[in-house]
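Okay, here's what each chain looks like letter by letter:
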Amino acid sequence: FLQGASLTTSREKEGPFHTRLFTNVEGVAPKPPVPVSTGGYSPEEAAAEAGRCLLCECMECVKHCEFLQHYKGYPKKYAREIYNNLSIVQGTRLANRMINSCALCGQCERICPNGFSMRDLCLGARKEMLLQQKMPPSAHEFALEDMVFSNSPSASLLRPEPGRRETAWLFYPGCRLSGTSPSQVRDAYGFLRNFLEGGVGLWLRCCGAPARWAGREDLFRKEAEETLRIWKSMGSPVIIAACTGCVDVFRRELPEIRVVSLWEVLEKEAMPEEFLKMNGTLAVHDPCTAVDYPEIRRAARSMASRAGIDCEELPMTAELTSCCGYGGLQECANPELGSATASSRCGESSSDYLVYCAMCRTLFARTGKRTVHLLEVLFPAPGKDPLSMPAVSWSDQRENRAGLVRELLRTLWKEESPMPEEHEAIKLVLPEDAGKILETRRILTDTVKRAIRNGENSGRKIARPDGAFATCLKPASVTYWIVYRPLEDGAFEVLNAWSHRMTVPGTEGSLP
Ligand code: SF4
Ligand code: SF4
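Caption draft 1: Representation of the site of ligand 2 within the structure. In the vicinity of ligand 2, the contacting residues are Cys58, Met59, Cys61, Pro75, Cys112, Pro113, Asn114 and Phe116. Residue composition of the shell around ligand 2, grouped by class: 7 nonpolar, 1 polar and no charged.

Caption draft 2: Expanded view of the site of ligand 1. The environment of ligand 1 is formed by Cys65, Phe67, Leu68, Cys102, Ala103, Leu104, Cys105, Gly106, Gln107, Cys108, Met118 and Arg119. For the shell around ligand 1, the elements supplying multiple residues, two or more each, are α3 (66-70), α6 (107-111) and α7 (118-131). Its residues placed into classes, the shell around ligand 1 shows 9 nonpolar, 2 polar and 1 charged.

Caption draft 3: Molecular detail of a nonpolar patch on the surface. On the surface, Phe1, Leu2 and Leu7 cluster together to form a nonpolar patch covering roughly 450 Å² of accessible area. Note on placement: Leu7 falls in the segment before α1 (43-50).

Caption draft 4: View of helix α8 (residues 141-150). By the criterion of burial, α8 is predominantly enclosed, with 8 of the 10 residues buried. Every buried residue belonging to α8 is among Glu141, Phe142, Ala143, Leu144, Asp146, Met147, Phe149 and Ser150, and all of these are buried. Here the buried face of α8 lies against α9 (175-180), α11 (209-214), α12 (217-233), α16 (330-333) and α20 (394-411).

Caption draft 5: Main features of the sheet that holds strand β4 (residues 238-241). Ordered in space as β1-β3-β2-β4-β5, the 5 strands form an open sheet in which the pairing is mixed. The sheet is open, and its two edges are formed by β1 (157-159) and β5 (259-261), each paired on a single side. Sheet twist, expressed as the mean angle between neighbouring strand axes with direction ignored, is 25°. Inspection of the sheet shows β1 paired to strand β3 (residues 200-204) by 3 bridges, in the antiparallel sense. Of the residues in β3, the one forming a bridge with Leu158 is Trp203. This element, helix α13 (residues 244-253), spans β2 (169-172), β4 and β5 of the sheet and lies at about 155° to β5.

Caption draft 6: Molecular detail of the sheet that holds strand β12 (residues 469-473). Pairing within the open sheet is mixed, and its 5 strands lie in the order β10-β14-β13-β12-β11. Of all the strands in the sheet, just β10 (428-429) and β11 (462-463) have a single pairing partner and so form its edges. In this sheet, β12 lies alongside β11 in antiparallel orientation, the contact comprising 2 bridges. Paired with Ala463 across the bridge in β12 is Phe469.

Caption draft 7: View of the packing of aromatic side chains. Applying the stated criterion across every chain, the model contains 14 aromatic pairs. Look at Trp213 and Tyr326: their rings are 6.1 Å apart centre to centre, the planes differ by 75°, and that puts the pair in the edge-to-face class. Note that Trp213 is positioned in helix α11 and Tyr326 in the loop between β7 (309-313) and α16, a separation of 113 residues in sequence. For the pair Trp213 and Tyr326, one class covers both residues: buried. Members of the aromatic cluster, joined through ring pairs, are Phe67, Tyr71 and Tyr78. One cation-aromatic arrangement involves Arg442 over Phe142; the distance from NZ or CZ to the ring centre is 5.5 Å. The ring of Phe469 is capped by Lys461, whose NZ or CZ atom sits 4.1 Å from the centre of that ring.

Caption draft 8: Summary view of the nonpolar core. Formed by 118 residues in total, the largest nonpolar core has its most connected members in Phe67, Phe171, Leu192, Ile239 and Trp263. Here this core spans two domains, since at least three of its residues come from each of domain 1 (60-135) and domain 2 (143-411). With residues up to four places along the chain from it excluded, the contact list for Trp263 reads Ala242, Ile296, Ala299, Ala300, Met303, Tyr356, His373, Leu374, Leu375 and Leu378. Counting 15 residues, the second-largest nonpolar core is a separate cluster that includes Val448, Ala451, Ile452 and Val478.

Caption draft 9: Representation of the state of the cysteines. Under the criterion given, the structure shown has 0 disulfides. Cysteine Cys332 is unpaired, with the sulfur of Cys206 as its nearest cysteine sulfur at 13 Å.

Caption draft 10: Summary view of the pairing of β4. Residues of β4 alternate between two faces, with Val238 and Ile240 on one and Ile239 and Ala241 on the opposite face, all of them buried. Where β2 meets β4, 4 bridges bridge the pair, whose relative direction is parallel. Following the sheet pairing, Leu170 is matched in β4 by Ile239. For β4 and β5, the ladder comprises 3 bridges, and the chain directions are parallel. Looking across to β5, one finds that Ile239 is bridged to Val259. Handedness of the crossover joining β4 and β5 through α13 is recorded here as right-handed.

Caption draft 11: Local environment of the domain arrangement of the chain. Considered domain by domain, the chain is made up of domain 1 (60-135), domain 2 (143-411) and domain 3 (422-500). The C-alpha-based centres of domain 1 and domain 2 are spaced at 28 Å. At the interface, 19 residues of domain 1 touch 27 residues of domain 2. Counting every contact that joins domain 1 to domain 2 gives 3 salt bridges. With a shortest N-O distance of 3.4 Å, Arg97 and Glu336 are connected by a salt bridge. Put simply, domain 1 and domain 2 have 13 residue pairs in polar contact (both at pLDDT 80 or more) between them. Within the residue set of the side of domain 1 that touches domain 2, elements represented by two or more residues are α3, α5 (93-101), α6 and α7. If you tally residues by element for the side of domain 1 that touches domain 2, the top one is α7, at 4 residues. When its residues are assigned to classes, the side of domain 1 that touches domain 2 shows 9 nonpolar, 5 polar and 5 charged.

What counts as what
Residues numbered from 1 in each chain as written. Chains lettered and ligands numbered in written order. Predicted model: local features only at pLDDT ≥ 70, side-chain atom pairs only at ≥ 80, totals over all residues. Heavy atoms only, no water. Near = heavy atom within 4 Å. Nonpolar A, V, L, I, M, F, W, Y, C, P; charged D, E, K, R; others polar. Helix = DSSP H or I, 4+ residues; strand = E, 2+ residues; numbered from the N terminus. Patch = residues over 30% accessible without salt bridge, like charges linked within 9 Å, V, L, I, M, F, W, Y side chains within 5 Å. Areas by Shrake-Rupley, 256 points an atom, 1.4 Å probe, with all protein chains shown as cover. Salt bridge = Lys/Arg side-chain N within 4 Å of Asp/Glu carboxyl O. Buried < 20%, exposed > 50% of the residue type's maximum accessible area, 1.4 Å probe, protein only. Contact = heavy atoms within 4.5 Å. Pairing = 2+ DSSP bridges. Axes fitted to C-alpha atoms, helices over the stretch in contact; angles between N-to-C directions. Phe/Tyr/Trp six-rings, centres within 6.5 Å; stacked < 30°, edge-to-face > 60°. Lys NZ or Arg CZ within 6 Å of the ring centre and 35° of its normal. Core = buried A, V, L, I, M, F, W, Y, C linked by side-chain atoms within 4.5 Å. Domains from an automatic or database assignment. Disulfide = S-S within 2.5 Å. Right-handed = clockwise from strand over helix to strand, strands pointing away. Polar contact = N/O pair within 3.5 Å; in protein donor to acceptor, adjacent residues only side chain to side chain.

Here's what the structure looks like:
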């Protein structure tokens, strides 16, 4: 005051003021003040009065998110760590993994009283670190390679309806569903052709979601431009998408494309003749990609109730739904966390689950939760209980996609499919433990066949005293080792497999 300084500047937060700190007082019973006795509080009274105080903290988002709990902090702390990680020359392994482990589901932003978005923070950090070449590509490599395969001639397909030239509609099941439920994709396509006018084409392709989640803007833009070009070449038909992830990508990134959800289209028609009458309660899990689409969530429930399903709502449902663990490529970057996220979601109800996303089905079934995909109810496989079906392995998903292309080309368009490659003729015998090793280490049977073909043709293999061989192959940045035993009937029994990123001289070379 004597120096002429303001007595009020920068002192706004002294005394009472409105805080943005939210503290959930639900279930907290109010306690009356402890009356002050003459001479002040005794130690016990002081403790009782102090005990009325709440531990004021928010943590609302953390309560519901396995990822936020896993790293034992809260968003403010993570924001600081992410900022620090962006500032150093190379990101630390731990922080990189954390940045890549968010499911990008947006639930935290919807819950947060201040609208804080970990999704924006983590996705922004992924993009920035990739631009600055600070982020190792390994975290998302498997998913990105899978996307490339889905859009290769072996697994993609674009055709107008057999016998028709015009294409008013284009059925787009999505790469995941073609891998997990190829026969349902085939049957749904047949059903749509029965009642839609103007020609219903088929488009098997990946929408580019893995590149978008990985923060690979370059790859995603390339895929999106190609999608737009192909769509226009078909006369700009209405896309009927079975996957809400594809709907979300099209609506946000390619708004020119008119896309409707399969469930909205089916809802307007009579039920398929062979649909499975369920007559019971199932808990509905909404995929995190459906949070902005209430019309799709409603249509899925409407189809379920027409199949006799009594839909139970989970505590976190609709726009507040929790991710299954696959979103944002969480399961790819951090398999243990992906599996913990799926288990936590599966524990929210003792009922069996109904889903309408292929990856939610895969992740839940892997935990042992009885889960059915809505398409399996509408177009059931004869003689099978879809609730008891195990998750489809990564290798089988790939083979199913390629097999679906071959089957549809042959049966619907009477076309020869591309000649199989030499390694595809190799017969593998896969004991249960070897199958588990391949699945958890994400080594595809296709890679195993290529490695064995390479080892057998080139002679580059190590003989073991027990008659088995070890060979390796480095198709891109990863070297795969396969231990196998030739069998008398010409098949090869797989005994072990692993991979690493070291370079072994003599194993370089791309897959043919
Ligand atoms: S996983 Fe979902 S809820 Fe959790 S921090 Fe990421 S975006 Fe938020
Ligand atoms: S980010 Fe939002 S919901 Fe989460 S702890 Fe902070 S204020 Fe609460």
